[in-house]
Amino acid sequence: AEEQEQLEMAVEDIKDRLASFAGVYDIRDDATPGKTEFQIRVKERAQSMGITSADLAETIRNAYYGAEVMRLQRGRHEVKLMVRYPEDERTSLAQFREIRVRGNDGIERPITELAEINVTQAYSEINRLDQQRSITITTDLDATEGNSYQITEQLKADMALLFATKYPAVSVNWEGQAQQTAESMTSLFIGSAAACLAMYVLLVLEFRSYFQPLLIMAIIPFGVIGAVWGHGIMGIEVTLFSFFGLVALTGIVVNDSIVLVDFINARVRGGMEQKQALLEAGRRRLRPVFLTSMTTIGGLVPMLLETSFQAQFLVPMATSIAFGLMLSTLLVLFQVPVFFQIYLIVTRAMGFDPTKSPVIESETEPREKDEQLAPAAV
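Residues numbered from 1 in each chain as written. Predicted model: local features only at pLDDT ≥ 70, side-chain atom pairs only at ≥ 80, totals over all residues. Heavy atoms only, no water.

(A) Highlighting the overall build of the protein. The number of helices and strands found in the protein is 14 helices and ten strands. Computed over the C-alpha atoms, the radius of gyration of the protein is 39 Å, more than 25% above the 21 Å expected from 2.2 N^0.38 for a compact globule of 378 residues. On the principal axes, the C-alpha backbone points of the protein span a range of 120 × 60 × 45 Å. Long-range contacts, defined as pairs at least 24 residues apart, comprise 70% of the intrachain contacts of the protein with a sequence gap of at least 6. Of the roughly 23500 Å² that the protein leaves accessible, carbon and sulfur atoms contribute 58%. Considering the protein, the positive charge centre built from 34 side chains and the negative charge centre built from 47 side chains are found 4 Å apart. (Helix = DSSP H or I, 4+ residues; strand = E, 2+ residues; numbered from the N terminus. Rg over C-alpha atoms; globule rule 2.2 N^0.38 Å. Contact = heavy atoms within 4.5 Å. Areas by Shrake-Rupley, 256 points an atom, 1.4 Å probe, with all protein chains shown as cover. Lys, Arg positive; Asp, Glu negative; His and termini not counted. Charge placed at Lys NZ, Arg CZ, Asp CG, Glu CD.)

Structural data, given as structure tokens:
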């Protein structure tokens, strides 16, 4: 009983705290009051007289529902003959305390003399979670006025001390959108790590190097920065769909780096001086890099400008991809040559010359011949 009382008081405190946040409305819980009921408990004096709860229950049932005394045959049908209180007394509980119960000695006594009667209002349903009594509090939120994550975190901080001191028998589980977001973020980070690992393995197989894939993937953090800036420019909050867009962005922004690194490899291993190869890569690959990014961003513009309610949840994802790709495109032309120069210096300091690789030379020779035959196509 004490735990139940603490649970009900804690529910009211949480509802009062929720009401103080902006944008929170329609606060409710599933502890819906049920119908009024009479709770009857046999007194010790009645128990000594041999009267049990079953005797009280049977007497009350017979008074309102009726007791079958005999059955009459009416043609092919059998009719039950029931004895019970008159209808005017059965439609009201005013005469409930006048019910008389017959004991083993044959004497009829008022029910109030034999039992304690309490009129209470119980719950319409009782819910349990992990075999413990639970009450679920739900509310709606106007996203233009409040943020569900910030409200949840603030509520956790406010209620932590209160529950530890005032309601030690009550525990809190954060369900609904907070739980779903936490589960989604966990699976999202695991999936992102697996995707980046798979991307690194594929690039290692393609470039025959353990370090060049890191140069290519180094543009990813700058794409994330561009995505965050894009949310600020668009005036929208970072949501779960924004992170979905970041995952897609990691696979898109590396395309420009791959184009530049592959071109630099071809020039350096073809005999061109490394500084000249870096300058040549920025000059010759500018148009492919720029057009590849602009076509992708252009395809996302209609989604960014969409104002219909059905498409609003996709706007954060499109913002992450478009603005992340926009910033990474501007930086990749400067970042990749600088990182590649550092890569050449470090590898040569370690005694390895990346310009002498028989495997890659056999692959790049036909490219050099193609470029000599058709320089306008490059």
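This is not the end of the story, as more comes after the structure.
(B) Quick peek at the environment of Ser124. Note that Ser124 resides in the loop between strand S7 (115-123) and strand S8 (127-129). Considered as a pair, Ser124 and Lys35 are 89 residues apart in the sequence and their alpha carbons are 7.2 Å apart. Residues in contact with Ser124, not counting those within four places in the same chain, are Thr32, Pro33 and Gly34.

(C) Highlighting a nonpolar patch on the surface. A surface patch of nonpolar side chains, amounting to about 500 Å² of accessible area, comprises Val224, Ile225, Val228, Trp229 and Ile233. Checked against the element boundaries, Val224 lands in helix H9 (residues 220-234). Its relative accessible area of 32% is what places Val224 among the partly exposed residues. (Patch = residues over 30% accessible without salt bridge, like charges linked within 9 Å, V, L, I, M, F, W, Y side chains within 5 Å. Salt bridge = Lys/Arg side-chain N within 4 Å of Asp/Glu carboxyl O. Buried < 20%, exposed > 50% of the residue type's maximum accessible area, 1.4 Å probe, protein only.)

(D) Looking closely at the nonpolar core. Ranked by internal contacts, the top residues of the largest apolar core, which has 35 residues, are Val253, Ile264 and Phe340. Residue assignment for this core shows that the elements contributing at least two residues are helix H7 (176-207), helix H8 (212-217), H9, helix H10 (240-269), helix H11 (274-284), helix H12 (286-304) and helix H13 (315-349). Per-element tally for this core: the top contributor is H13, with ten residues. For Ile264, the contacting residues outside a window of four places in its chain are Ala277, Leu278, Ala281, Val336 and Phe340. Within the second largest apolar cluster, 15 residues are counted, among which are Ala10, Phe21, Ile135 and Met159. (Core = buried A, V, L, I, M, F, W, Y, C linked by side-chain atoms within 4.5 Å.)

(E) Representation of the packing of H9 against H10. Direction vectors running N to C along H9 and H10 enclose 140 degrees, while the axes themselves pass 9 Å from each other. Taken together, the axes of H9 and H10 lie oblique to each other. For the element pair H9 and H10, the recorded crossing hand is right-handed. Between H9 and H10, the contacting residues are Ile220, Gly223, Val224, Ala227 and His231 on the first element and Ser242, Leu246, Leu249, Thr250, Val253 and Val254 on the second. Residues that form the contact of H9 with H10 fall into these classes: seven nonpolar, four polar and no charged. (Axes fitted to C-alpha atoms, helices over the stretch in contact; angles between N-to-C directions. Parallel < 35°, antiparallel > 145°, perpendicular 65-115°, else oblique. Left-handed = near helix turned anticlockwise from the far one by under 90°. Nonpolar A, V, L, I, M, F, W, Y, C, P; charged D, E, K, R; others polar.)

(F) Layout of H13. Look at H13: 48 Å from first C-alpha to last across 35 residues, which is about the 51 Å you get at 1.5 Å a residue. At Val332, H13 shows its maximal bend, which comes to roughly 45 degrees. (Expected span 1.5 Å × (residues − 1). Bend = angle between axes of the 7 residues up to and from the residue.)

(G) Geometry of H9. Along its 15 residues, H9 runs 21 Å from first to last C-alpha, staying within 8% of the 21 Å computed at 1.5 Å per residue. All of the buried residues in H9 are Ile220, Gly223, Gly226, Ala227, Gly230 and His231. Around the axis of H9, the buried residues are gathered within 145 degrees of arc, so they sit on the same side. Seen from the open side of H9, the exposed residues pointing more than 90 degrees away from its buried face are Trp229, Gly232 and Ile233. Where H9 is buried, its residues touch H8, H10 and H13. (Arc of directions from axis to C-beta.)

(H) Representation of the environment of Val332 within the structure. Among the secondary structure elements, Val332 is positioned in helix H13. Sequence spacing of Val332 and Ile219 is 113 residues, and the spatial spacing of their C-alpha atoms is 6.8 Å. Contact partners of Val332, with chain neighbours within four places excluded, come to Ile219, Asp256, Ser257, Leu260, Val289 and Pro337.

(I) Region of the structure containing a negative patch on the surface. On the surface, Glu5, Glu8, Glu12 and Asp16 cluster together into a patch of negative charge. Inspection of the secondary structure assignment puts Glu5 in helix H1 (residues 2-19).

(J) Region of interest: the pattern of salt bridges. Tallying each qualifying case throughout the model produces eleven salt bridges. Here Arg71 ties to Glu68 by a salt bridge, and the two come within 2.4 Å at their closest N and O atoms. Judged by relative accessible area, which is 39%, Glu68 ranks as partly exposed. A salt bridge links Asp105 to Arg109, with the nearest nitrogen and oxygen atoms 2.9 Å apart. Taking the relative accessible area as the measure of exposure, Asp105 reaches 45% and is therefore partly exposed. Here the salt bridges share partners, and the residues they tie into one network are Asp26, Arg28 and Asp140.

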